[in-house]
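Structural features, examined
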Amino acid sequence: MQDGGLEELLRGEKGAWDAFVRRYAGLVVAAVRGVAREAVDVEDLAQEVFLRLCKDNFRLLRSFDPARAGLSTWITIVARSTARDAMRRHRPISVPIDAVPEGRLAIDPVEPVRKLKLPEALLSPRQREILTMLYDREMEVFEVATALGIDPQTVRSAHHKAMIKLRAYFKSEVE
Amino acid sequence: MTRNDKVPKARRDMETDRRLWRRSRLIDAPEDEAGRLLDLAAFADGLLDDDEHARIAALLAADPDAAADVETARTSVRCDQTSAELERVIARACAIVPDTAPPRGQVVSFVPNRRPSFVPYFAQWGSIAAAILVAGWLGFSMGSDTSLALTSSGQSSDAVFPELFDQASGFLRDLGEGLRT
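Residues numbered from 1 in each chain as written. Chains lettered and ligands numbered in written order. Predicted model: local features only at pLDDT ≥ 70, side-chain atom pairs only at ≥ 80, totals over all residues. Heavy atoms only, no water.

Attention now goes to the overall build of chain A. Scanning chain A from N- to C-terminus turns up eight helices and one strand. When the helices and strands of chain A are listed from N to C terminus, the series reads α-α-α-α-β-α-α-α-α. Here chain A holds 175 residues, and the buried ones make up 43% of them. Taking the intrachain contacts of chain A between residues at least 6 apart in sequence as the baseline, contacts between residues at least 24 apart amount to 59%. In the structure as shown, chain A presents an accessible area of about 9700 Å², 52% of it carried by carbon and sulfur atoms. (Helix = DSSP H or I, 4+ residues; strand = E, 2+ residues; numbered from the N terminus. Buried < 20%, exposed > 50% of the residue type's maximum accessible area, 1.4 Å probe, protein only. Contact = heavy atoms within 4.5 Å. Areas by Shrake-Rupley, 256 points an atom, 1.4 Å probe, with all protein chains shown as cover.)

Moving on, we get to the overall build of chain B. Broken down by element type, chain B carries seven helices and one strand. Helices (α) and strands (β) of chain B occur, in sequence order from the N terminus, as α-β-α-α-α-α-α-α. Sorting the 181 residues of chain B into buried and exposed places 20% on the buried side. Pairs at least 24 residues apart make up 23% of the contacts formed inside chain B by residues separated by at least 6 positions.

Our focus in this paragraph is the packing of aromatic side chains. All chains considered together, the criterion is met by seven aromatic pairs over all chains. The interplanar angle of 55° and the centroid separation of 5.9 Å between the aromatic rings of A:Trp17 and A:Phe58 together place this pair among those described as tilted. A residue pair is termed long-range when its members are at least 10 positions apart, and A:Trp17 in helix α2 (residues 14–33) and A:Phe58 in helix α3 (residues 41–62) qualify at 41 residues. Classification of A:Trp17 by relative accessible area gives buried; the value is 0%. A relative accessible area of 0% means that A:Phe58 is categorised as buried. Taking 5.7 Å as the distance between ring centres and 80° as the angle between the ring planes, the aromatic pair formed by B:Tyr121 and B:Phe122 counts as edge-to-face. (Phe/Tyr/Trp six-rings, centres within 6.5 Å; stacked < 30°, edge-to-face > 60°.)

Looking now at the pattern of salt bridges. Applying the stated criterion to the full structure yields 25 salt bridges over all chains. Through salt bridges that share partners, A:Arg80, A:Arg84, A:Asp85, A:Arg88, B:Asp65 and B:Asp69 make up one connected network. (Salt bridge = Lys/Arg side-chain N within 4 Å of Asp/Glu carboxyl O.)

On to the environment of B:Cys94, then. Residue placement: B:Cys94 occurs in helix α5 (residues 84–94). Residue B:Cys94 is classed as buried on the basis of its relative accessible area, which comes to 15%. Discounting residues that sit within four places of it in the chain, B:Cys94 has contacts with A:Lys14, A:Trp17, A:Asp18 and A:Val21.

A positive phi is found at A:Asp56, a non-glycine position, where the angle reads about 50°. By the element assignment, A:Asp56 lies in helix α3.

A separate point is the confidence of the model for chain B. Averaged over all residues, the pLDDT of chain B is 78; the fraction at 70 or higher stands at 69%. Interface scoring of the predicted complex returns ipTM 0.74; its pTM is 0.61. (pLDDT = per-residue confidence, 0-100.)

A word on the interface of chain B and chain A. Counting from both sides, the interface comprises 56 residues of chain B and, opposite them, 74 residues of chain A. Three residues stand out in chain B for area buried against chain A, namely B:Trp21, B:Leu38 and B:Arg92, and they jointly supply 11% of the buried area on that side. For the pair chain B and chain A, the number of links is 15 salt bridges. Across the salt bridge formed by B:Asp65 and A:Arg88, the nearest N and O atoms sit 3.1 Å from each other. Secondary structure elements with two or more residues in the side of chain B that touches chain A: α1 (3–24), β1 (28–30), α2 (33–44), α3 (50–61), α4 (64–74) and α5 of chain B. Considering each element in turn, the side of chain B that touches chain A owes the most residues, ten residues, to α2(B). Pairing of strand β1 (residues 115–117) of chain A with β1(B), which is carried by three bridges, proceeds in the antiparallel orientation. Looking at β1(B), one finds that A:Lys115 is bridged to B:Pro30. (Buried area = accessible area lost by both parts, 1.4 Å probe. Pairing = 2+ DSSP bridges.)

Residue and element names in this part refer to chain B. On the surface, Phe118, Tyr121, Phe122, Trp125, Ile128 and Ile132 cluster together into a nonpolar patch covering about 730 Å² of accessible area. Positionally, Tyr121 belongs in helix α6 (residues 118–152). The exposure class of Tyr121 is partly exposed, given its relative accessible area of 48%. (Patch = residues over 30% accessible without salt bridge, like charges linked within 9 Å, V, L, I, M, F, W, Y side chains within 5 Å.)

It is worth spelling out the packing of α2(A) against α5(B) at this point. At their nearest, the axes of α2(A) and α5(B) sit 9 Å apart, and the two run at 135° to each other. Taken together, the axes of α2(A) and α5(B) are oblique relative to one another. Judged by the sense of rotation from one axis to the other, the crossing of α2(A) with α5(B) is right-handed. Of the residues in α5(B), those in contact with A:Lys14, A:Trp17, A:Asp18, A:Val21, A:Arg22, A:Ala25, A:Gly26, A:Val29 and A:Arg33 of α2(A) are B:Glu85, B:Leu86, B:Val89, B:Ile90, B:Ala93 and B:Cys94. (Axes fitted to C-alpha atoms, helices over the stretch in contact; angles between N-to-C directions. Parallel < 35°, antiparallel > 145°, perpendicular 65-115°, else oblique. Left-handed = near helix turned anticlockwise from the far one by under 90°.)

Below, the structure written as structure tokens:
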């Protein structure tokens with residue numbers, strides 16, 4: 001099941017799920033073992049990974065794009081990320097509860113979502129630099145090219161790609 | 001289209017792009033976790049173009065955990081040996097029933113109860129009949145009591161109100177009689 005079995009899996013066929021688990025369980029166990037603090041955690045963390053993969057009608061698994069990465073690589077990344085998140089959630093409190101102010105025991109009603117500076121999340125450093133020079137320092141394309149030691153056409157190309165990303169982001173925000 | 005037409009449009013586009021860039025610097029974006037995981041995997045497999053590679057490299061430089069994930073994925077860790085632990089993991093994961101039906105709103109239609117119900121019918125008409133009976137009994141009882149009270153005192157109507165009746169005719173006396181002189 002490199003990619004072909006994914007279709008059956010995403011259709012919800014139990015046999016495909018079992019085959020997927022048998023094929024990738026070893027990979028998941030090895031990946032979470034590198035994150036787990038204790039060996040006893042490995043089984044629970046591996047279960048968290050499989051639960052996350054099939055949660056909400058395989059929402060995460062559906063985001064996998066075989067054109068962008070190999071499934072084994074992606075599962076390794078997902079497994080380690082999931083295991084680390086799970087361990088952060090289940091981290092035991094090592095101080096007596098009476099010693100903790102009540103305010104610090106409050107639980108957020110919604111799981112916090114990590115926020116990133118938009119240009120840093122979307123654009124490469126070179127693209128950010130070019131946009132900064134063009135729009136914040138009011139430089140012309142040839143001046144940017146000279147300052148960076150690159151061809152003016154490269155500046156235009158980087159600018160074009162960056163703006164496509166920004167427009168796509170803001171369009172999706174509006175929608 | 002002349003060259004003069006193109007220049008203002010290019011300037012307008014430039015101005016739009018400038019506003020978009022400046023706006024992007026003022027807001028924070030919620031992290032797209034699924035997109036990030038795919039970016040990291042693509043980075044590990046070396047399938048990104050130069051710009052994307054540089055972008056992810058910059059993110060990894062600020063996130064050592066993610067950098068470790070990528071490094072582990074590159075070395076393609078395997079756990080091929082069959083062990084009791086692995087069998088337990090497989091058994092637990094196979095026991096998961098994948099949630100293939102997304103939670104959706106379901107309209108529950110309430111079917112009206114078509115069986116005839118006599119309780120409200122009798123309650124309605126019974127209460128009306130009871131009210132009529134009580135009002136009739138009360139009126140009759142009050143009238144009888146008044147009549148008995150008058151009889152038992154031995155007074156007739158003309159004895160009770162002698163000044164109102166003319167003894168000779170038995171009719172009501174003309175009360176304005178004395179005023180006409």
